[in-house]
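# Summary of structural features
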Amino acid sequence: MLSPIIKTGSKGGSYLRRVRLALACVSITANALCAGGIFCFPLMSPALAIHLKLSQPQLTTIALAGMVGQYPFSALAGKVIDCYGPWACSLISAGLFSAGFGLFVREIAKTPVDTITSNASLYHRLTVYFFVCSVGTVFSYFSSVFAASKNFPQYMGLATGTSTALFGLSPTFLSILATRYFTHPDTGLDVIHFLQFLAFICGCVHVIGGFTMHVLPPAEECIDTDAEHRAELADERTSLLPKTSSGTLVEVVPATDEDLRSQSALDVLKDFNFWVLLFVVSVILGSCEMIMSNIGTIVLSLPSRYFPTGTLDDIPSGDIATSTQIKAISLSNTISRLVVGPLADIVSPIISHLPPGSRGVLRKHLISCIAFLTLSSSVLICTYLWMVVGVRSQGALWILSIGAGIAYGCVFAVLPSLVSSIWGIDNLGRNYGTLIYAPFLGTPAFSYLYAFVAAGHAPADGGVCTGVGCWRATFEVSVGIVALAFAATLWLWKAWRGKV
């Protein structure tokens, strides 16, 4: 019989671990939901254009600072994760969010309402402050994703998919709050009070995460002890052959684990396939983020189909249409992550998810994980072709929003699993952070392509560009580039056959 003292201690430790794990999960959820403030910029950009007299290239630059600012520090955030843990990233993001949004709204509040020309120094300061917010976003994102994946390594696809899905849901959550509580019938979104709210709530949530988001050690091997006890009670009635199952129980000791653990960043950069993967990620994420940061002006470039008079709740029609597209992007992004993460665990199980020495079930490998990247690029090709040949009003933009959200979420759902399977889990934070530099190249390229095409068709008085000519050439070029990314995924599928 097992000792009562061992039982009690085991149960007490297990209960405490579950409580701490539950608190970590709550903070993962809260951090992820509050991290997407920069993606609400399309809601704010019309007001900034009108009241601060900012041009489309200036608005694009501010939005771009929010997008690409996530990436220069991604490797640093990964290193912080590997060395200290998700809690440190959460505390860092608390300070960055409060400072960035606070200073941004301070500049807007100081600007006179009767401004008639754009202020270059104001524009530069807003760009810097939005960049600070974006750095906070990457630290927040890493804190939630790696708190989930490292606390549930046996289900990395599910953990990553769920945490990134919540992150993808953040713009919808925040835009609902903005529309519900900070939008007025006559003037639209109250940008000042909305940004003050973001500065406060993001800071508080991430400070709490600094105390709760810890990677917990594995649970005590209580099951193994019980198994040994049951083995002692086995008699001649015990079956001599194990029951068959759909999976095989294996001891996870990857043959190259020591090599992967000692692999430097330079070793990873010497891998040609790393650069192919970086190109694919750069194109898919970069073009999607171009859409996310400019969906507001894409909406304004087209005639309204459903709200021509702006009578719905007396909110200006442009605000309604833009908010609808942001929600469509966010929801499709979220659903994609929730579906693809667990699906990848089922059809593309990766045994290196588990720490060395642990036990797991090696399920049948049905398809390469690269197939999800191929799917993402295929969706974008169809979506961008639709923009070229089919979109003539705001009512047709839902395909763009949903397509971009699906492709974006799909890539982020499988990327951590893909990276850990090829280059190991010990330096996952560093390697994943290095790969996430990819949109730092893709997002500016696609965003400025959009900005200068739109500027070339804008009216001489500096107003908002209208008509399909504002973006048609952008999507024509994007179709060709994404087609190259599609071909690159086929290359990786062949090169990594049997590994992912």
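Here's a quick rundown of the structure. (Residues numbered from 1 in each chain as written. Predicted model: local features only at pLDDT ≥ 70, side-chain atom pairs only at ≥ 80, totals over all residues. Heavy atoms only, no water.)

### Remarks on empty space enclosed by the protein
Quick note on the threshold: Whether a set of points on the 1 Å grid over the protein atoms alone is a cavity depends on a 1.4 Å probe fitting there but being unable to get out, while an open set qualifies as a pocket with protein on both sides within 12 Å along at least five of seven lines; lining residues are those with an atom within 4 Å of a point. Grid points are joined across faces, edges and corners, and a volume is the space filled by probe spheres set on the points. For the purposes of this entry, the term helix denotes a DSSP run of H or I that reaches at least four residues, the term strand denotes a run of E that reaches at least two, and both are numbered from the N terminus. Here the term charged refers only to Asp, Glu, Lys and Arg, the term nonpolar to Ala, Val, Leu, Ile, Met, Phe, Trp, Tyr, Cys and Pro, and the term polar to all other amino acids, Gly among them.
Overall, the coordinates contain six cavities of 30 Å³ or more when judged by the stated rule. As a volume, the largest cavity reaches approximately 180 Å³. Lining the largest cavity are 19 residues, and of these Phe 39, Met 67, Pro 171, Met 292 and Ile 329 sit closest to its centre. Counting only elements with at least two residues in the lining of the largest cavity, the list comes to helix H2 (41–51), helix H3 (56–68), helix H7 (156–181), helix H12 (272–300) and helix H13 (317–347). Take the lining of the largest cavity: its biggest share by element is five residues, from H13. Its residues assigned to classes, the lining of the largest cavity comprises 13 nonpolar, five polar and one charged.

### Here's the deal with the state of the cysteines
For clarity, the cut-off: Disulfides are defined in this document as cysteine sulfur pairs within 2.5 Å. Note on classification: 1.4 Å probe, protein chains only; a residue is buried when its accessible area is under 20% of the maximum for its type, exposed when over 50%, partly exposed between these limits.
Under the counting rule described, the total for this entry stands at one disulfide. Here Cys 465 pairs with Cys 470 through a disulfide, and the sulfurs are 1.9 Å apart. Residues Cys 465 and Cys 470 are joined through a disulfide that is left-handed, its torsion about the S-S bond being -95°. Assessed through its relative accessible area of 1%, Cys 470 is described here as buried. We note that Cys 34 lacks a disulfide partner, and the nearest cysteine sulfur, in Cys 202, lies 5.4 Å from it. Cys 204 carries a free sulfur, and the closest cysteine sulfur to it, the one in Cys 202, is 9.5 Å from it. For Cys 204, a relative accessible area of 34% gives the class partly exposed.

### Considerations on the packing of H12 against helix H15 (residues 398–423)
Where we set the bar: An axis is simply a line fitted to the C-alpha atoms; with a helix, the fit covers only the stretch in contact. Between two such axes, the angle follows the N-to-C directions and lies from 0 to 180 degrees. To sort the angles, those under 35 degrees are grouped as roughly parallel, those over 145 as roughly antiparallel, those from 65 to 115 as roughly perpendicular, and the leftovers as oblique. Crossings are assigned a handedness: left-handed for a near helix turned anticlockwise from the far helix by less than a right angle, right-handed for a clockwise turn. Contact definition: two residues touch when any of their heavy atoms are within 4.5 Å.
Packing of H12 against H15 leaves a shortest axis separation of 10 Å and a crossing angle of 150°. It follows from the interaxial angle that H12 and H15 lie roughly antiparallel. Handedness of the H12/H15 crossing: left-handed. Where H12 approaches H15, its residues Phe 274, Leu 277, Val 281, Ile 284, Leu 285, Cys 288, Glu 289, Ile 291, Met 292, Ile 295 and Ile 298 are matched on the opposing element by Leu 400, Ser 401, Ala 404, Ala 407, Tyr 408, Val 411, Phe 412, Leu 415, Leu 418 and Trp 423. Looking at side-chain class alone, the contact of H12 with H15 contains 19 nonpolar, one polar and one charged residues.

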